[in-house]
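# A structural walkthrough
What follows is the residue order along each chain.
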Amino acid sequence: MTHETDTDGLSLATKRARAEVRRRAVLSAGATLVPLPGLDVAVDVGALVSMFNTVNRIYYLSPEQIAQLNTEDRIAVFKVMSRVGSTFAGKYVSSSMVLGLVKQVGARWASGRLARWVPVIGQGTAAALSYGMFMWLGDSHIKECLAIRREVKLLMLKYTKEDV
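These numbers were taken from a predicted model, which means no experiment stands behind them.

## A look at the overall build of the protein
In terms of helices and strands, the protein carries 7 helices and 0 strands. Beginning at the N terminus, the succession of helices and strands in the protein can be written as α-α-α-α-α-α-α. For the protein, the proportion of its 164 residues judged to be buried stands at 47%. Sequence separation of 24 or more characterises 79% of the internal contacts of the protein that already satisfy a separation of 6 or more. Carbon and sulfur atoms make up 63% of the accessible area of the protein, which totals about 8,600 Å².

What follows is the structure in structure tokens.
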């Protein structure tokens, strides 16, 4: 695995991933300000799917990228993903997966959806809750991807030392 396995590469990947998460969080917060019922939910689901898949690609952990690895590297990635217990890393994230996640964090998310119907203050609260939810989910996914990449690097170093 030569793609961004060094410390500087992972730092750069993390900066890019955090920028992507912030961009999607702002999109979600902005969607709460549009007074069309259901639009914010559709935007959130689409933005979460896109965010998770983009972060996977940034860390070279999309299913397509993993499939391109040689057998040893692919095995190392799968071992680490199972040990870390990855939720979205290494997977193609679909709308149904995101809806399952939304159900798990539902109370906070639903309160933001209801708050938006209170004029001005409610919309601001809904936007802040939506932004916060995206940042929390995105940061959690970044930490998961980063942990996988670091462990894969250590595992590959172990394989290399055993071969010598």
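Now that the structure has been shown, the text picks up again.
## Describing helix H4 (residues 71-84)
Its 14 residues give H4 an end-to-end C-alpha distance of 20 Å, which sits within 8% of 20 Å, the value for a rise of 1.5 Å per residue. Turning to H4, its buried residues number three or more, namely Asp73, Ala76, Val77, Val80 and Met81. Burial along H4 is one-sided: seen end-on, the buried residues are contained in an arc of 130°. Those residues of H4 that are exposed and angled more than 90 degrees off the buried face are Thr71, Ser82 and Arg83. For H4, the N-terminal capping position is held by Asn70, with its side-chain oxygen 3.2 Å away from the main-chain nitrogen of Glu72. At the C-terminal side of H4, Gly85 shows a positive phi close to 75°.

## Comments concerning helix H2 (residues 39-58)
Helix length check: H2, at 20 residues, gives a terminal C-alpha distance of 28 Å against a target of 28 Å (1.5 Å per residue), a fit within 8%. With 14 of 20 residues buried, H2 lies mostly within the body of the structure. Remark: Tyr60 follows H2 within two positions and exhibits a positive phi of approximately 60°.

## Observations concerning the environment of Ser96
Within the fold, Ser96 resides in helix H5 (residues 95-104). In this structure Ser96 comes out as exposed when scored by relative accessible area, which is 57%. A C-alpha to C-alpha distance of 9.0 Å links Ser96 and Val45, two positions 51 residues apart in sequence. Among the polar contacts listed, one links the side chain of Ser96 to the side chain of Ser94, at a separation of 3.1 Å.

## So, a nonpolar patch on the surface
Where nonpolar side chains cluster on the molecular surface, the patch consists of Val34, Leu36 and Leu39 and spans about 220 Å² of accessible area. Examined against the element boundaries, Leu39 turns out to sit in helix H2. Judged by its relative accessible area of 31%, Leu39 falls in the partly exposed class.

## Examining the packing of aromatic side chains
Evaluated as defined, the whole model comprises 1 aromatic pair. Note on Phe52 and Phe88: the rings are 4.3 Å apart at their centroids and 20° apart in plane angle, and the pair reads as stacked. Here the residue Phe52 occupies a position in helix H2, and Phe88 occupies one in the loop between H4 and H5, the gap between them amounting to 36 residues. Each member of the pair, Phe52 together with Phe88, is buried.

## Some remarks on the side chain of Ser86
Along the polypeptide, Ser86 turns up in the loop between H4 and H5. Excluding its chain neighbours within four sequence positions, the residues that come into contact with Ser86 are Met81, Lys91, Glu144 and Ile148.

## Structural notes on the confidence of the model for the protein
Counting all residues, the mean pLDDT for the protein is 80, and 77% of those residues have values of 70 or more. Per-element confidence in the protein ranges from a low mean pLDDT of 54 for helix H6 (residues 106-115) to a high of 92 for helix H3 (residues 63-67).

Parameters and conventions
- Residues numbered from 1 in each chain as written.
- Predicted model: local features only at pLDDT ≥ 70, side-chain atom pairs only at ≥ 80, totals over all residues.
- Heavy atoms only, no water.
- Helix = DSSP H or I, 4+ residues; strand = E, 2+ residues; numbered from the N terminus.
- Buried < 20%, exposed > 50% of the residue type's maximum accessible area, 1.4 Å probe, protein only.
- Contact = heavy atoms within 4.5 Å.
- Areas by Shrake-Rupley, 256 points an atom, 1.4 Å probe, with all protein chains shown as cover.
- Expected span 1.5 Å × (residues − 1).
- Arc of directions from axis to C-beta.
- Polar contact = N/O pair within 3.5 Å; in protein donor to acceptor, adjacent residues only side chain to side chain.
- Patch = residues over 30% accessible without salt bridge, like charges linked within 9 Å, V, L, I, M, F, W, Y side chains within 5 Å.
- Salt bridge = Lys/Arg side-chain N within 4 Å of Asp/Glu carboxyl O.
- Phe/Tyr/Trp six-rings, centres within 6.5 Å; stacked < 30°, edge-to-face > 60°.
- pLDDT = per-residue confidence, 0-100.

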